[in-house]
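Residues per chain, in single letters:
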Amino acid sequence: GAGVSQSPSNKVTEKGKDVELRCDPISGHTALYWYRQSLGQGLEFLIYFQGNSAPDKSGLPSDRFSAERTGGSVSTLTIQRTQQEDSAVYLCASSPSTYNEQFFGPGTRLTVL
Amino acid sequence: GNSVTQMEGPVTLSEEAFLTINCTYTATGYPSLFWYVQYPGEGLQLLLKATKADDKGSNKGFEATYRKETTSFHLEKGSVQVSDSAVYFCALILSGTYKYIFGTGTRLKVLA
């Protein structure tokens, strides 16, 4: 079946612009995670959604970052007024439940000029 | 705090060589441990896991044993192939939580 998909695969933007990154999880997966992967760094947790519960936004690095998940399915990560330090690969993962294996999308590579 | 430490890469091996990638962890509770692999241009995928002490996870010729006494989960393979070239991530999740903690990844390059 279809895996986790993310779009766009690559995004180049100018400093100060807003960007939206999209994640389509595997159908039926209730848990959804966003991570940031910077060069030479591990995966940095950003946000976690579980079903209809309030998301855990504790990993969002600043108030320029926000995310939503509509209908318990598709998720969008929005970065406002992008900065060069936002350049990274943004990964989305979904899971059938919290303690199970995570299934990752291929990521969106964001470059802020 | 809770953390995962992996050996720095890149690790470069010849085909059929023995592979070890070290992973140690610090955790306040009883974690489950994972190895994920990221092939070029793809997302991370689960390679193997172990949920309690002395468990051995295995898949595709790779193995790792959960060693509570040394807080380690080293990844091994007896004979690597060029197709094993990828980045390998060690990770943990504590029981009763939902936050995975990942290591920084170790790049493996296997030469023919």
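Structure's up top.
Described in the following lines is the structure provided in the data block. (Residues numbered from 1 in each chain as written. Chains lettered and ligands numbered in written order. Predicted model: local features only at pLDDT ≥ 70, side-chain atom pairs only at ≥ 80, totals over all residues. Heavy atoms only, no water.)

**With respect to the packing of aromatic side chains**
Inspection of every chain in the model, using the stated rule, returns 15 aromatic pairs over all chains. Aromatic rings pair up to connect Y33, Y35, F45, Y48 and F104 of chain A together with F34, Y36, Y98, Y100 and F102 of chain B into one cluster. (Phe/Tyr/Trp six-rings, centres within 6.5 Å; stacked < 30°, edge-to-face > 60°.)

**Let's talk about the state of the cysteines**
In total, this model carries 2 disulfides over all chains according to the counting rule given. Through a disulfide, C23 of chain A is tied to C92 of chain A; the S-S separation comes to 1.9 Å. One quick way to see it: the torsion about the S-S bond of C23 of chain A and C92 of chain A is about -60 degrees, and its sign makes the bridge left-handed. Residue C23 of chain A is located in strand β3 (residues 19–24), and its partner C92 of chain A is located in strand β8 (residues 88–95); the two are separated by 69 residues in the primary sequence. Across the disulfide from C23 of chain B sits C90 of chain B; the S-S distance is 2.0 Å. Across the S-S bond linking C23 of chain B and C90 of chain B, the dihedral sits near -70 degrees, which makes this disulfide left-handed. With C23 of chain B in strand β4 (residues 23–26) and C90 of chain B in strand β10 (residues 86–94), this residue pair connects regions lying 67 residues apart in the sequence. (Disulfide = S-S within 2.5 Å. Helix = DSSP H or I, 4+ residues; strand = E, 2+ residues; numbered from the N terminus.)

**Looking at the side chain of S94 of chain A**
Mapped onto the fold, S94 of chain A is located in strand β8. At 2.8 Å, the side chain of S94 of chain A forms a polar contact with the side chain of H29 of chain A. (Polar contact = N/O pair within 3.5 Å; in protein donor to acceptor, adjacent residues only side chain to side chain.)

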